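Each chain, written out:
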Amino acid sequence: MRLGELLQFFVIGRDHNMYLEIFDTIQRALSAAAGIPNPILTDGGTHADFATAVAFERAKQLHRSPVQIAEEIAASLREDRSIQGIRIETKGPYINFHTGAGFLKSSVESALQPGYGTLPMKEGRVVLEHTSANPNGPLHVGHIRNTILGDTLSRLFRKAGHRVEVQYYVNDMGRQIAIVAWGFLHLDGARKDGEKGDHHVARVYIAGNRELEKDPGIVAEIDLLMQQVERGDPTTAVLFRNAVTECLEGFKVTLGRLSVRHDRFVWESDFVRNGDTERLLNRVRRMEECHEDGRLWLDLSKEGFEKEYILRRSDGTSVYAARDLAYHIWKGRNFDHMIDVLGADHKLIGAQLKATLKLMGEKAPEIVHFEFVSLPEGSMSTRAGKFVSADELIDEVSRRAYEEVTSRRDDLDEGAKQEIARSVAIAAIRYDIVKISPEKSTVFNWKEALDFERQSGPYIQYAHARACSILSKAGEFDPEFEFTMESEIALAKHIAKFPYVIRIAVRDLKPHLVATYARELADLFNVFYQFEPVLKSTGITRQSRLTLVKATKNTLAETLGTLGIDALVTM
RNA sequence: GGGCUUGUGGCUUAGCCAGGAUAGAGCGCCGGGCUUCUAACCCGGAUGUCGAGGGUUCGAAUCCCUCCAGGCCCGCCA
């Protein structure tokens, strides 16, 4: 980054990127010319760099021909000095914008810089909560949809200039944990040799549930454990904490394998122990929506919720909802913006939480919900032991990746092959999950999970490795920006778009837009690679193509980084 | 029963929120391309009543209504 840009970056603090500059400038000019507040400016596709259909909108308001109005808007745009140098043409009712060679040059130039696509620093801090699975068994293929969505979002927010803290909310005092604790007390559940903590806990949990089914009288014993832990009984507290810690240690290993890191693990029980939950309930008591009849609950019918929102049981213990409220109040006071990634099963409770926080005058989180992942034979259940664990998935995909690497690159030494296989496996898993819109429910499929072809993470890694290979063979070169072939221009244009994709993906909380972008970029590079020889070309063509390869490599690396996938140099 | 959500070629899916220029991909299928920068690649072809029906509009995959099908929720669980 040059000094001038650097100054603009910090002093003015606005998006200094070429694409975003031009996009915003055209949009402003269009708004003025068309008399529409936020005119839709789309990608021009094959027709142009940018395009708009606002003439239709105006035509409707003015009851006149859209073609004529397009002409008028275009004429007025051509007068606008802020968009000088941009060619404006109409095609019937559509207005097309052509930016010219300077645009591509400076876009590719900025793509050569490390950190390309990073947006200017934003004020405030974001707290992002994801995964937060109950510590009663290993993470499974459903949980990691949450994990990967959340982790990609956190990377996306950082890329967009936000300061982010990622939290895992540990549900350490629920009924499930009480069942695990009961199992540790009454069942022979010693940890097996080499067994991961989370898998061990699952075994105890499943066994505990089996006992519970045989003898419903155990419920009373479990209730007692829950009351004891809420009261702060030290022996029970240690029992719970040990079980949860063991499970969590296993989670951390799995998360680490997926390149996911949480900044902080926040324990639910802390909000009981430190009095926050009690204080919260006292505040709730003063609300007009509050009812107390042994239980303590809120009537949120005015907010559109039929069901009573219960916050304390008649035996005096708090429920999850109350502790979650306390947690969010704490987050709201320490951060400027809260984001939660939660399963679709939390939609109702999430909406109730938000409504209650608003009634209390506290900040409410933005919640990203994702739909369920099921198995071909039905929904997953930790309790019934019906799930494909994340560890099992990673192991299988890694094994398959190792096979693939070995068959392609037997020249590499063992360590390198394993390293690549590991990265490829994580790429395949993360990409498979993040490429699908969160609102689609899916069925887990081994065949697809083990496929590394197009529209996969490894496909994108491969494009990056090919670019690296060219660059390492090319040696030093001076950048040039003469792009004339169709595949060169298409590639350069797509590179230019990256910061815009980051902006929109963050704005709409849609990580899958980055996945789509990465795939398109790899597609365009592969076509370019196929048709335009780089190393065998000469002169300015060679320099320009090398420049384009370097910009692509860099953009792919930044994109992969945002997706939490290793940008492999060779594979 | 009520609420939320999804339905796009054989399969998986983008586009839907902010309606517009021939609905875009991948897998699979058919046919091509490695003495040339890594073929985890590329090119060409076939395959679509955008769940069904109505409505709004100059224009609907996209907005509205009804219906059908799948998923999720409706607990003093989390």
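Residues numbered from 1 in each chain as written. Chains lettered and ligands numbered in written order. Predicted model: local features only at pLDDT ≥ 70, side-chain atom pairs only at ≥ 80, totals over all residues. Heavy atoms only, no water.

Novice: Help me understand the side chain of Thr52, please; the structure alone is not making it clear to me.
Specialist: Looking at the secondary structure, you find Thr52 in strand S2 (residues 50-52). Residue classification places Thr52 among the buried positions, given a relative accessible area of 2%. A distance of 3.2 Å separates a polar atom in the side chain of Thr52 from the backbone nitrogen of Val54. In this view, Thr52 contacts Leu30, Ile40, Leu41, Pro93, Tyr94, Ile95 and Phe97; residues no more than four positions away in its chain are not counted. (Helix = DSSP H or I, 4+ residues; strand = E, 2+ residues; numbered from the N terminus. Buried < 20%, exposed > 50% of the residue type's maximum accessible area, 1.4 Å probe, protein only. Polar contact = N/O pair within 3.5 Å; in protein donor to acceptor, adjacent residues only side chain to side chain. Contact = heavy atoms within 4.5 Å.)

Novice: What am I meant to see in the protein's contact with RNA strand B here?
Specialist: The full set close to RNA strand B counts 72 residues, and Phe56, Tyr94, Arg408, Tyr462 and Tyr529 are the nearest of them. Near-protein atoms of RNA strand B (within 4 Å) split between backbone and bases, with sugar and phosphate holding 66%. One nitrogen or oxygen atom from the side chain of His512 is found 3.0 Å from a phosphate oxygen belonging to RNA strand B. Separating a base oxygen of RNA strand B from a backbone N or O atom of Leu535 is a distance of 3.1 Å. (Near = heavy atom within 4 Å.)

Novice: When you look at the nonpolar core in this model, what are you seeing that I'm missing?
Specialist: Among soluble globular proteins, nonpolar side chains are generally buried collectively. Ranked by size, the top nonpolar core spans 145 residues in total, and within it Leu77, Phe97, Ile144 and Ile429 carry the most contacts. Listed in part, the 20 residues of the second largest apolar core include Met287, Leu300, Val319 and Met360. (Core = buried A, V, L, I, M, F, W, Y, C linked by side-chain atoms within 4.5 Å.)

Novice: Even after reading the chapter, I still don't get the sheet that holds strand S8 (residues 290-293), so can you show me in this structure?
Specialist: Sheets are built from strands paired through backbone hydrogen bonds, the pairs being either parallel or antiparallel. If you trace the 3 strands from one edge of the open sheet to the other, you get S8-S9-S10, paired in antiparallel fashion. One side of each edge strand has no neighbouring strand; the edge strands of this open sheet are S8 and strand S10 (309-312). Averaged over neighbouring strand pairs, the angle between their axes works out to 30° when direction is ignored. With 4 bridges joining them, S8 and strand S9 (residues 295-298) adopt antiparallel strand pairing. Bridged to Asp293 within S9 is Arg295. (Pairing = 2+ DSSP bridges. Axes fitted to C-alpha atoms, helices over the stretch in contact; angles between N-to-C directions.)

Novice: Is there a simple way to explain the sheet that holds strand S6 (residues 163-170) in this structure?
Specialist: The strand order across the open sheet formed by 5 strands is S7-S6-S5-S11-S12, and the pairing between neighbours is parallel. The outermost strands of the open sheet, each flanked by one partner alone, are strand S7 (264-267) and strand S12 (366-370). Strand-to-strand, the axes of this sheet are offset by a mean angle of 25°, without reference to chain direction. Looking at chain direction, S6 and S7 are connected through 4 bridges and run parallel. If you follow Tyr169 over to S7, its bridge partner there is Val266. Sitting on the sheet, helix H10 (residues 234-257) touches S6 and S7, and the angle it makes with S7 is about 155°.

Novice: Explanation requested: the side chain of Thr236 in the structure shown.
Specialist: With respect to the helices, strands and loops of the structure, Thr236 is situated in helix H10. Under the relative-accessibility criterion, Thr236 is labelled buried at 4%. Side chain to side chain, Thr236 and Asp233 meet in a polar contact 2.4 Å long. Setting aside residues no more than four positions away along its own chain, Thr236 makes contact with Leu225, Gln228 and Val229.

Novice: Help me out: how do you make sense of the packing of aromatic side chains in this one?
Specialist: Any two aromatic rings considered together are summarised by their centre-to-centre distance and by the angle between their planes. One pass over the full model with this rule turns up 20 aromatic pairs. An angle of 40° between the planes, with centres 4.6 Å apart, marks the rings of Phe23 and Tyr500 as tilted. Of this pair, Phe23 sits in helix H2 (residues 18-34) while Tyr500 sits in helix H19 (residues 486-507), and the two are 477 residues apart along the sequence. Of the residues examined, Tyr500 reaches a relative accessible area of 17% and is grouped as buried. Geometrically, the ring pair formed by Phe271 and Trp330 is edge-to-face, given 5.9 Å between the ring centres and 65° between the ring planes. (Phe/Tyr/Trp six-rings, centres within 6.5 Å; stacked < 30°, edge-to-face > 60°.)

Novice: Could you clarify how one ought to interpret the pairing of S12 in this entry?
Specialist: Taken residue by residue, a regular strand's side chains alternate between the two faces of the sheet. Here strand S11 (residues 337-343) pairs with S12 via 5 bridges, running parallel. Note that in S12 the partner of Leu342 across the bridge is His369. With respect to chirality, the unit in which S11 leads through helix H14 (residues 347-359) into the neighbouring parallel S12 is right-handed. (Right-handed = clockwise from strand over helix to strand, strands pointing away.)

Novice: Looking at this structure, how should I read unusual backbone geometry?
Specialist: Negative phi values dominate among residues other than glycine, just as trans dominates among peptide bonds. One non-glycine residue, His63, adopts positive backbone phi at about 55°. Judged by its relative accessible area of 70%, His63 is exposed. A positive phi is found at Leu509, a non-glycine position, where the angle reads about 55°. Looking at the element boundaries, Leu509 is found in the loop between H19 and helix H20 (512-531). Given the relative accessible area of 12%, Leu509 is considered buried.

Novice: Would you mind going over the pattern of salt bridges with me for this structure?
Specialist: Between side chains of opposite charge, pairing is possible as soon as their charged atoms come close. According to the stated counting rule, one finds 48 salt bridges in the structure shown. When the shortest N-O distance is used, the salt bridge between Arg285 and Glu292 registers 3.2 Å. Between Arg545 and Glu488 there is a salt bridge, with the nearest N and O atoms lying 2.7 Å from each other. Of the two residues, Arg545 sits in helix H21 (residues 539-562) while Glu488 sits in helix H19, which places them 57 residues apart along the sequence. Under the relative-accessibility criterion, Glu488 is labelled buried at 2%. Residues participating in the shared-partner salt-bridge network are Lys196, Asp198, Arg257, Asp391 and Asp395. (Salt bridge = Lys/Arg side-chain N within 4 Å of Asp/Glu carboxyl O.)

Novice: What is the right way to read the pairing of strand S4 (residues 94-98) from this model?
Specialist: For S4, the tally of buried residues reaches 4 of 5 residues, placing the bulk of the element in the interior. One ladder, built from 3 bridges, connects S2 with S4; its direction is antiparallel. Counted as the bridge partner of Ala51 is Asn96 from S4. Judged from the 5 bridges that link them, strand S3 (residues 87-91) and S4 form a sheet pairing that is antiparallel. Within S4, the residue paired with Glu89 across the bridge is Asn96. What sits between the antiparallel neighbours S3 and S4 is a turn of 2 residues, in which Gly92 has the positive phi angle 60°.

Novice: Help me out: how do you make sense of the confidence of the model for chain A in this one?
Specialist: Caution applies to low-pLDDT regions: their predicted coordinates should not be interpreted in detail. On average, residues of chain A score 93 in pLDDT, and 97% of them are at 70 or above. In this model, residues 1-15 is a region of pLDDT below 50 whose contacts with residues beyond four sequence positions or in other chains number 22 contacts. The ipTM assigned to the predicted complex is 0.96, against a pTM of 0.94. (pLDDT = per-residue confidence, 0-100.)

Novice: Hey, could you run me through the packing of H2 against helix H4 (residues 66-79) in this one?
Specialist: The relative placement of two packed helices is expressed as an angle between their axes plus a distance between the axes. For the pair H2 and H4, interaxial distance at closest approach is 9 Å and the crossing angle is 125°. Looking at the two axes, H2 sits oblique to H4. Crossing of H2 over H4 shows right-handed handedness. Touching Ala29, Leu30, Ala33 and Ala34 of H2 are Ile73, Ser76 and Leu77, all from H4. (Parallel < 35°, antiparallel > 145°, perpendicular 65-115°, else oblique. Left-handed = near helix turned anticlockwise from the far one by under 90°.)

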